[in-house]
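# Overview (structure and organization)
Letter by letter, the chains look like this.
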Amino acid sequence: MASIGFNELFFLAQGLKWTLALTLIGFVGGGIFGLLVALARTAEITWLRRVTAGYIAIFQGTPLLMQLFVVYYGVALVGLNIDAWLAVAIAFTLHASAYLGEIWRGGIQAVPKGQTEAAKALGLHYASTIKDVILPQAFKISLPATIGFLVQLIKGTSLAAIVGFVELSRAGQIVSNQTFRPLTVFALVGLAYFLICWPLSLWGARTERRLQTAAR
Amino acid sequence: MPQTTTQEPLIALNGVGKWYGAYHALKNVNMTVRKGEKIVLCGPSGSGKSTLIRCINHLEEIQEGKITVEGTTLTDSARAIDAVRREVGMVFQSFNLFPHKTIMENCTLAPMRVKGLSKAEAETIARKYLERVRIVDQADKYPAQLSGGQQQRAAIARALCMEPKAMLFDEPTSALDPEMVKEVLDTMIGLARDGMTMICVTHEMGFARQVADRVVFMASGEIIEEGPPETFFRNPQHERTRTFLGEILAHH
């Protein structure tokens, strides 16, 4: 039975690096597309609202694991030979954009109607109304839910292991198989996840409390 | 009060009709507002007075008739709507200041974005109008740090920064504590003295007496009667006007 030494810990740290990289990609990609989804969901154009509602329903109604499969093998079927990285990045972006889009739609709609009316009455156009008036307020309202989703996303990256990605969970599995110390290894892996997610959850809870007192 | 009105119509409503679904909110409304004229719109709640002024700057769409502002006929085209909104400022019952921006930023946003002014130019204009409503010393505060009266005066300044030809007031003092009503009304009286064209939806009959060239009474989406304040208050023609005035004056 091998012991857990520097090499094993280094391997886990490499896995952690990929976990964080995947989260970052999902969050940045999902953030950009999620913003478009949120704007489409609150647009005045009916078909645009319907299409994005369908998009959100599909990605919220199916497991992330399945979405990863479909993108990974799906693109290969169309004849495109893409890197596992790109496939996973696309899948996480799609997944995150559906959730963030829906969270931010709620935030946008929670901004009082009078704000849009005041902007219109001043002659501001859509782009300025959204950028200068609505989004700053909507993001503040949505911040707790956004942080909550980020925590989910960090843990969700473990599913990328299924398409051959060696992120933190998969790294843990490999080290555990080599050292026959599953309990120790997965305790370490769990601790790593916890140390990343817990401060975020605390931050989310604190933001929520602060918003509640501000609204009172 | 100096006579600042001319014969030229700034705002004209012809046969305006509006429905919310099956509900007939405005019925064949005709009204002409000349440059410099001050109109007070009053009537019971649900009479369509707020709806009427919200149609003038296209916050609400009309289904019938025609609205013309400074020669531009209001249609669904973005160009017509922009042209009308450039000429007409609006003050809301609930202020609707942007809570994440300072009073100064509230005032400079539209001049910078719509008119393309530089920050310095916009701030010069903003300071002028904030001084006029006497809250220039609050310019760097956020709306929530101000009293209701100060917020509403800031909202008036924000609208004035676009240098509109006419101002619409939608019950500007209804959300205020009684002790703050006067400071807002005084600001509006000052504006009227300087010759601003104004349409005010308000229940402040003292203000109507002092400032209005014409008082327009609405009920159930129709204009029931209108006239100069002296005749309107002393000798109302319709039963509904008498009932309304009886109720509202009994409270004041």
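Residues numbered from 1 in each chain as written. Chains lettered and ligands numbered in written order. Predicted model: local features only at pLDDT ≥ 70, side-chain atom pairs only at ≥ 80, totals over all residues. Heavy atoms only, no water.

## Focus on the overall build of chain A
To be explicit about the condition: The way it works is that DSSP assigns letters per residue, a run of H or I at least four long becomes a helix, a run of E at least two long becomes a strand, and they are numbered from the N terminus. Here, two residues are considered to be in contact whenever any of their heavy atoms come within 4.5 Å of each other. Throughout, the Shrake-Rupley method with a 1.4 Å probe supplies accessible areas, and for residues the shown protein chains are the sole cover considered. We count Lys and Arg on the positive side and Asp and Glu on the negative side, and we leave His and both chain ends out. In this description, the location of a charge corresponds to atom NZ of lysine, CZ of arginine, CG of aspartate or CD of glutamate.
Counting its secondary structure elements, chain A contains eight helices and zero strands. Scanning chain A from its N terminus toward the C terminus, one meets helices and strands in the order α-α-α-α-α-α-α-α. Counting only C-alpha atoms, chain A reaches 75 × 50 × 25 Å along its principal axes. Sequence-distant contacts in chain A: of pairs separated by 6 or more residues, those separated by 24 or more amount to 78%. Surface accessibility of chain A: about 11,500 Å² in total, with carbon and sulfur atoms responsible for 69%. The distance from the centre of the 16 positive side-chain charges to the centre of the 8 negative ones in chain A is 6 Å.

## Looking at the overall build of chain B
Just so we agree on the cut-off: Restricting the calculation to C-alpha atoms gives the radius of gyration, and the globule rule supplies 2.2 Å times the number of residues raised to the power 0.38.
When helices and strands are tallied, chain B shows nine helices and 10 strands. Whereas a compact globule of 252 residues would reach a radius of gyration of roughly 18 Å, chain B reaches 18 Å, a difference of no more than 12%. Taking contacts inside chain B between residues at least 6 apart in sequence as the whole, the part at least 24 apart equals 66%. Total accessible area on chain B is roughly 10,900 Å²; 48% of this is exposed by carbon and sulfur atoms. Averaging the positions of the 30 positive and the 31 negative side-chain charges in chain B gives two centres separated by 3 Å.

## Considering the packing of helix α3 (residues 103-114) of chain B against helix α4 (residues 119-132) of chain B
Residues and elements named next belong to chain B. We count it as follows: Axis definition: a line fitted to C-alpha atoms, limited for helices to the stretch in contact. Angles are taken between N-to-C directions and run from 0 to 180 degrees. Note on angle classes: values under 35 degrees are labelled roughly parallel, values over 145 roughly antiparallel, values of 65 to 115 roughly perpendicular, and the remainder oblique. Note: crossing handedness is left-handed where the near helix turns anticlockwise from the far helix by less than a right angle, and right-handed where it turns clockwise.
One way to put it is that α3 packs onto α4 with a least axis distance of 9 Å and a crossing angle of 125 degrees. Of the possible angle classes, the one that applies to α3 and α4 is oblique. Crossing angle aside, the handedness with which α3 passes α4 is right-handed. Of the residues in α4, those touching α3 at Ile103, Met104, Cys107, Thr108, Pro111 and Met112 are Lys119, Ala122, Glu123, Ala126, Arg127 and Leu130.

## Details of unusual backbone geometry
Residues and elements named next belong to chain B. Let me state the cut-off plainly: For each residue, the accessible area found with a 1.4 Å probe, counting protein chains only, is set against the maximum for its type, and the residue is called buried under 20%, exposed over 50%, and partly exposed in between.
Phi at Glu70 takes a positive value of approximately 50 degrees, unusual for a residue other than glycine. As for its position among the elements, Glu70 is in the loop between β4 (64-69) and β5 (72-73). With a relative accessible area of 27%, Glu70 lands in the partly exposed category. Residue Phe95 is not a glycine yet carries a positive backbone phi of 65 degrees.

## What to know about the UniProt feature "domain: ABC transmembrane type-1" (unreviewed entry) in chain A
Operational definition: UniProt positions are given in the numbering used here, feature names are shortened, and annotations may be inferred rather than shown by experiment.
If you check UniProt for "domain: ABC transmembrane type-1" (unreviewed entry), the listed places come out as residues 16-204 of chain A in our numbering. Taken end to end, residues 16-204 of chain A is 84% helix and 0% strand, and its two terminal C-alpha atoms sit 22 Å from one another.

## Thoughts on the sheet that holds strand β1 (residues 9-20) of chain B
Residue and element names in this part refer to chain B. Test applied: Note on pairing: two strands pair once DSSP finds at least 2 bridges between them.
With respect to topology, four strands assemble into an open sheet ordered β2-β1-β4-β5, the strand pairing being antiparallel. Strands at the two margins of the open sheet, each flanked by one partner only, are β2 (23-34) and β5. Note: β1 against β2, eight bridges, orientation antiparallel. Opposite Tyr20, over in β2, you have Tyr23 as the bridge partner. Where helix α1 (residues 49-56) meets the sheet, it contacts β1, β2 and β4, and its direction lies at approximately 120 degrees from that of β1.

## Examining helix α9 (residues 239-250) of chain B
Residues and elements named next belong to chain B. What counts is decided by this rule: Every helix has an expected span of 1.5 Å times one less than the residues it contains. This arc is built from the directions going out from the helix axis to the C-beta atoms.
For α9, spanning 12 residues, the distance from its first C-alpha to its last is 16 Å, which sits close to the expected 16 Å at 1.5 Å a residue. Inspection of α9 places Thr241, Phe244, Leu245 and Ile248 among the buried residues, and these make up the whole buried set. When α9 is viewed along its axis, its buried side chains cluster within an angular range of 95 degrees and face the same direction. Turned more than 90 degrees off the buried face of α9, the exposed positions are Glu239 and Ala250. Against the buried residues of α9 lie β3 (38-42), α7 (205-211), β9 (214-219), β10 (222-227) and α8 (229-234).

## Things to note about the nonpolar core
Let me state the cut-off plainly: For our purposes a nonpolar core is just a set of buried Ala, Val, Leu, Ile, Met, Phe, Trp, Tyr and Cys residues, chained together by side-chain atoms within 4.5 Å.
In terms of nonpolar packing, the biggest core is built from 64 residues, with A:Val88, A:Phe92, B:Ile11, B:Leu13, B:Leu41, B:Leu52 and B:Ile199 touching the most fellow members. A per-element tally of this core places helix α4 (residues 84-110) of chain A first, with eight residues. Core analysis: the second largest hydrophobic core is formed by 51 residues, B:Cys42, B:Leu160, B:Met167 and B:Val215 among them.

## Some points on the sheet that holds β3(B)
Residues and elements named next belong to chain B. Spatially, the six strands line up as an open sheet ordered β6-β7-β8-β3-β9-β10, and their pairing is mixed. Of all strands in the sheet, those with a lone pairing partner are β6 (88-91) and β10, marking the two edges. Neighbour-to-neighbour, the strand axes of this sheet turn through a mean angle of 20 degrees, independent of strand direction. Inspection of the sheet shows β3 paired to β9 by four bridges, in the parallel sense. Bridging from a neighbouring strand, Val40 pairs with Val215 of β9. Lying on the sheet, α9 is in contact with β3, β9 and β10; it crosses β9 at an angle near 100 degrees.

## So, α4(A)
Note the threshold: Polar contacts, as used here, are pairs of N or O atoms within 3.5 Å; protein pairs need one atom able to donate a hydrogen and one able to accept it. Residues neighboring in sequence count only if both atoms are side-chain atoms.
In a regular helix each residue adds 1.5 Å, so 27 residues correspond to 39 Å; α4(A) covers 39 Å between its end C-alpha atoms and thus fits that length. Its side-chain oxygen placed 3.2 Å from the backbone nitrogen of A:Trp85, A:Asp83 serves as the N-cap of α4(A).

## Observations concerning the UniProt feature "transmembrane region" (unreviewed entry) in chain A
Here the UniProt-annotated "transmembrane region" (unreviewed entry) positions come out as residues 20-40, 52-76, 82-100, 141-163 and 183-203 of chain A. Summarising residues 82-100 of chain A: 89% helix, 0% strand, and an end-to-end C-alpha distance of 26 Å.

## So, the environment of A:Leu122
Among the structural elements, A:Leu122 can be located in the loop between α5 (113-121) and α6 (126-156). With a relative accessible area of 7%, A:Leu122 lands in the buried category. Filtering out sequence-adjacent residues up to four positions away, A:Leu122 remains in contact with B:Phe98, B:Ala110, B:Val114, B:Arg158, B:Ala159 and B:Met162.

## Some words on the confidence of the model for chain B
Here is the rule: In predicted models, pLDDT denotes the confidence assigned by the predictor to each residue on a 0 to 100 scale.
Summing up the model confidence of chain B, the mean pLDDT is 93 and the portion of residues at 70 or higher is 96%. Model confidence for the complex: the whole-complex pTM is 0.88, and ipTM, which rates the interface, is 0.92.

## Some details on the pattern of salt bridges
Heads up, the condition is: Here, a salt bridge means any side-chain nitrogen of Lys or Arg that lies within 4 Å of a carboxyl oxygen of Asp or Glu.
All chains considered together, the criterion is met by 22 salt bridges over all chains. Note that B:Glu70 and B:Lys165 form a salt bridge whose closest N and O atoms lie 3.4 Å from each other. Remark: B:Lys165 occurs in the loop between α5 (148-160) and β7 (166-170) and B:Glu70 occurs in the loop between β4 and β5; sequence separation between them is 95 residues. Note on B:Lys165: relative accessible area 35%, which makes it partly exposed. Of the charged contacts, one joins B:Lys165 and B:Glu87 as a salt bridge, the two residues approaching to 3.0 Å between their closest N and O atoms. Highlighted residues: B:Lys165 in the loop between α5 and β7 and B:Glu87 in helix α2 (residues 78-87), separated in sequence by 78 residues. When its relative accessible area of 19% is taken as the criterion, B:Glu87 is described as buried. A network of salt bridges, in which partner residues are shared, links A:Lys113, A:Glu117, B:Lys18, B:Arg54 and B:Glu60.

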